[in-house]
Structure formats: C-alpha cells, structure tokens
Amino acid sequence: MTQSLTIARPDDWHLHLRDGAMLKAVLPETARHFARAIIMPNLVPPVVTGAQAAAYKDRIMAALPGGMDFAPLMTLYLTEDSDPEDIAAAHASGLIKAVKLYPAGATTNSASGVANFKNVRAALEKMAEIGLPLCVHGEVTDHDIDIFDREAVFIDRVLDPIRKATPGLRVVMEHITTKDGVAYVQDNATDLGATITTHHLIINRNHILVGGIKPHYYCLPVAKREEHRLALRAAATSGDARFFLGTDSAPHVDDLKENACGCAGCFTATNTMALLAHVFEEENALENLEKFASRNGPSFYGLPVNDAKLTLTKGAEAAVFPEKIECSDGPVTVFDPGFDVFWNVADQ
C-alpha cells in the first residue's frame, strides 16, 4: 500500500549553484522541489558587493527553465574589506538575506575569507543593527588543529566571542557536524540557528574511508564519528525550530572529485527530500519533517511559509534516482546513500 505525506513546499537554506555551465545543469535539480534557497557566494571571484549579487541573481534567473518556480535568496561574501554601507543597502533593497563568513582557507573557494576578525567588526555591528543574519562556515583553519576538531574549536575561539561582542547579531551555524554544535545551539535560546545537511544525517567518517576512499562522500566540514551523526539526527528530527535544512549541495564534475586532490562537496539536490523522508521515518518523526524542511527556516529568516505543497510517497519498490547529472563540463555524481530508499517526490 502506498504511503503519502504532504508538506509545505520546502526551502534550502544553504545551496551551491556555481555559475556558467554548472549553474545551468544543476539549478533544475533544486528548483524541481524547493521554492527558495540561500545561494552561496563563493564564486571565483567571490560575490562581495550588492552589484555583484544582483548580477549573479540575474544569471540564476536566466538559467531557470521555463515553467519552474524558484526564488534565489542572495548572500554576500564577507571579506576584511567589506563595506558595511553596501551590505546595508543590499539588505534594504531586499536583494540579500544574509552575509556569509568563511574563515580563510576553510573550504572550496574560501581564499578571500576572513583571517583577522577584528577587521570585520564594523560589518558585523552594522548587521546586528539592521537584523541581517550572518551565516558561518564554522571551522578554524589552524594547521595544529585536527580536522575532526575544527568545528568545536571554532565555537570556543571564534563564534562565541563574536556573538558576545556583537549583541543582537543573528547567526546561522551552517552545516553543523558535531554534538558540540548541536549542544551550543540548544544552550542559546535567541538569535542563533543551525542548518543540517542531508548527507551528514546519513554518513559518518567510516563511510568515507573504510574499504577504500570514497571521494563522493568527501565534504567540508568532513563527516565525523557516529556519535555526532546520531546527535545531528536527533536534532533534525526533534522539531526544534532552531534546526532547519541546508543541504550544502555542492556540485563538482567527476574529474575534480576523483583525483589526487579531490574537491570537497556532496551533490544532494536531486534526492534530498526522499532521503529525508527515509531518515525521519527511521527516527519515527515523519510528523516533524515539515518543520525541518519547510517551516523552521522561514521562521528564522522572517519569511512566510510557502503556500505551495510537496507530496512524498512511499511505495513497495525502491526509488530510482539518476546516478549522474550531465553538464557540458563533465558529469556530476548524485549522492548515493548506500541503501534502498522507498520514498519519492510525487509528480506535481
């Protein structure tokens, strides 16, 4: 017997669309299921001004296939030279919904990120004043800090001091990967939220390394121990309004994943909603899927919940997802959870 679940159309609060040929190839995979998405600004060169964000939004909308309904929510890339007044103007115009903090060198295309946090003090204070959220890639990049500890150290050394020094600053801890991140959110009642990815609910570090290196499971922040994955699952499925979906879907062509220095990122846009239904059912929490995917994010960002609906169905046969998305630059591998999934998004 087919099982059905209808929820408000979801949003993705952390998405990489890239640019050019890649943008054209992957945008339909998100727009098919998601009404809106927070668009990451780490292009080359990065999107650092309101004018650049407006131009990037125009390119996204030009790449959107006819008949698809999708709204890109733009962000600016925070640098030590960011102009607080340009940030405020871009926000006041309705163009941007957040500013993104990348510690310099933390992840893909983050070389322009922040090394000296004193140099962004004026920008952060302006953001607190106008209520513009700061989305943070929460990892330190010190060479003496183990890669599996970088999130916990970031909370203590960087995030907590920033928040204490900037009262009223609204912060999204993006793609949290540890029980430390979960606990920090749970210990702070106001002005703090966190996104959780689909893949971090499914894989731990063993999936990347045991039985041979799996480059398509390699992401940053890297997946951690099983105890952290379980903490993320508990947080995501709890219904707590401070946790919401940000897929961090990050496409790279296979040639850039499957080499001696493979790029970080899992491409999950295609099958995220089916995978989430599987996870939430395993946790006996299907009633909370709409909160995580469709309601908690809009609540944090002060936006309305989407009127449109999305229906998921569970059948007797395993769903079939494409193995790859074709791009003129090369194929992009779709995230494979490693198990059968019986949920799928119904035809709209």
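Heads up: the structure comes first, above all this text.
Quick caveat, the model's predicted, so the values are computed rather than measured.

Parameters at a glance
Residues numbered from 1 in each chain as written. Predicted model: local features only at pLDDT ≥ 70, side-chain atom pairs only at ≥ 80, totals over all residues. Heavy atoms only, no water. Helix = DSSP H or I, 4+ residues; strand = E, 2+ residues; numbered from the N terminus. Rg over C-alpha atoms; globule rule 2.2 N^0.38 Å. Buried < 20%, exposed > 50% of the residue type's maximum accessible area, 1.4 Å probe, protein only. Contact = heavy atoms within 4.5 Å. Salt bridge = Lys/Arg side-chain N within 4 Å of Asp/Glu carboxyl O. Expected span 1.5 Å × (residues − 1). Pairing = 2+ DSSP bridges. Axes fitted to C-alpha atoms, helices over the stretch in contact; angles between N-to-C directions. Phe/Tyr/Trp six-rings, centres within 6.5 Å; stacked < 30°, edge-to-face > 60°. Lys NZ or Arg CZ within 6 Å of the ring centre and 35° of its normal.

> Please clarify how the overall build of the chain should be interpreted in this entry.
Each helix and strand counted, the chain has eleven helices and 13 strands in total. Its C-alpha atoms give the chain a radius of gyration of 19 Å, near enough to 20 Å, the size a compact globule of 348 residues would have. Counting only C-alpha atoms, the chain reaches 60 × 45 × 40 Å along its principal axes. Looking at the chain residue by residue over its 348 residues, the buried ones come to 57%.

> How do you make sense of the environment of Pro221 when you look at a structure like this?
Within the element layout of this structure, Pro221 appears in the loop between α7 (205–209) and α8 (226–236). Residue Pro221 is classed as buried on the basis of its relative accessible area of 0%. In the structure, Pro221 is positioned 191 residues away from Thr30 in sequence and 22 Å away in space, judged by C-alpha atoms. Aside from chain neighbours lying at most four places away, what touches Pro221 is His137, Glu139, His175, Thr177 and His200.

> Any chance you could explain the pattern of salt bridges here in plain terms?
A side chain with one charge can pair with a side chain of the opposite charge if their charged atoms come near. Taken as a whole and judged by the stated rule, the model has 17 salt bridges. Note that Lys126 is salt-bridged to Glu85, the shortest N-O span being 3.6 Å. Taken together, the positions of Lys126 in helix α4 (residues 121–130) and Glu85 in helix α3 (residues 84–92) put the pair 41 residues apart, joining distant regions of the chain. For the salt bridge of Glu283 with Arg233, the shortest nitrogen-to-oxygen distance reads 2.9 Å.

> Explanation requested: helix α1 (residues 20–31) in the structure shown.
Spacing of three or four residues puts side chains on the same side of an α-helix, whose turn is 3.6 residues. Helix length check: α1, at twelve residues, gives a terminal C-alpha distance of 17 Å against a target of 16 Å (1.5 Å per residue), a fit within 8%. Burial analysis of α1 places nine of its twelve residues in the buried class, which makes it a mostly covered element. Residues of α1 that are buried: Met22, Leu23, Ala25, Val26, Leu27, Pro28, Glu29, Thr30 and Ala31. Buried residues in α1 make contact with β2 (12–15), α2 (50–63), β11 (324–325) and β12 (332–333).

> What is the right way to look at the sheet that holds strand β4 (residues 71–77) in this model?
Hydrogen bonds along the backbone pair up the strands of a sheet, which may run parallel or antiparallel. Read across the open sheet, the eight strands follow the order β2-β3-β4-β5-β6-β7-β8-β9; overall the sheet is parallel. Only two strands of the sheet have a single partner each, and these edge strands are β2 and β9 (243–245). Between one strand axis and the next, the sheet turns by 30 degrees as a mean value, whatever way the strands run. Sheet topology note: the β4/strand β5 (residues 96–101) ladder contains four bridges and is parallel. Paired with Met74 across the two strands is Ile96, which belongs to β5. Against the sheet, helix α11 (residues 289–301) contacts β2, β3 (36–39), β5, β6 (134–137), β7 (171–174), β8 (192–196) and β9, and its axis sits at roughly 115 degrees relative to β9.

> Is there a simple way to explain α8 in this structure?
Buried within α8 are the following residues: His228, Arg229, Ala231, Leu232, Arg233, Ala235 and Ala236. Residues of α8 that are buried sit in contact with α6 (179–186), β8, β9, α10 (272–282) and α11.

> Which parts of the structure should I look at to understand the sheet that holds strand β1 (residues 3–8)?
Taken together, the three strands give an open sheet; going across it, the order is β1-β10-β13, and neighbouring strands pair in antiparallel fashion. Every other strand in the sheet has two partners, leaving β1 and β13 (343–345) as the edge strands with one partner each. Each neighbouring strand pair of the sheet contributes to a mean axis angle of 25 degrees, computed without reference to strand direction. Bridging between β1 and strand β10 (residues 309–314) involves six bridges; their strand directions are antiparallel. Within β10, the position partnered with Ile7 by the bridge is Leu310. Taken strand by strand, α10 contacts β1, β10 and β13, and its axis lies near 140 degrees from that of β13. Strands in contact with α11 are β1 and β10; relative to β1, the strand with the most contacts, it is inclined by about 30 degrees.

> Explanation requested: the packing of aromatic side chains in the structure shown.
Each pair of aromatic rings is reported with the distance of its centres and the angle of its planes. The tally for this structure, following the rule as stated, stands at seven aromatic pairs. For the ring pair Trp13 and Tyr301, a centre distance of 4.7 Å and an interplane angle of 10 degrees mean the geometry is stacked. With Trp13 in strand β2 and Tyr301 in helix α11, this residue pair connects regions lying 288 residues apart in the sequence. Classification of Trp13 as buried rests on a relative accessible area of 1%. The buried category is assigned to Tyr301, whose relative accessible area is 11%. Geometrically, the ring pair formed by Phe280 and Phe292 is tilted, given 5.7 Å between the ring centres and 40 degrees between the ring planes. Residue Phe280 is located in helix α10, and its partner Phe292 is located in helix α11; the two are separated by twelve residues in the primary sequence. For the pair formed by Phe280 and Phe292, the shared burial category is buried. Three or more aromatic residues joined by ring pairs make a cluster, and in this case those are Trp13, Phe244, Phe300 and Tyr301. Just above the ring of Phe300 sits the side chain of Arg170; from NZ or CZ to the centre is 4.1 Å. One cation-aromatic arrangement involves Arg205 over Phe148; the distance from NZ or CZ to the ring centre is 4.5 Å.

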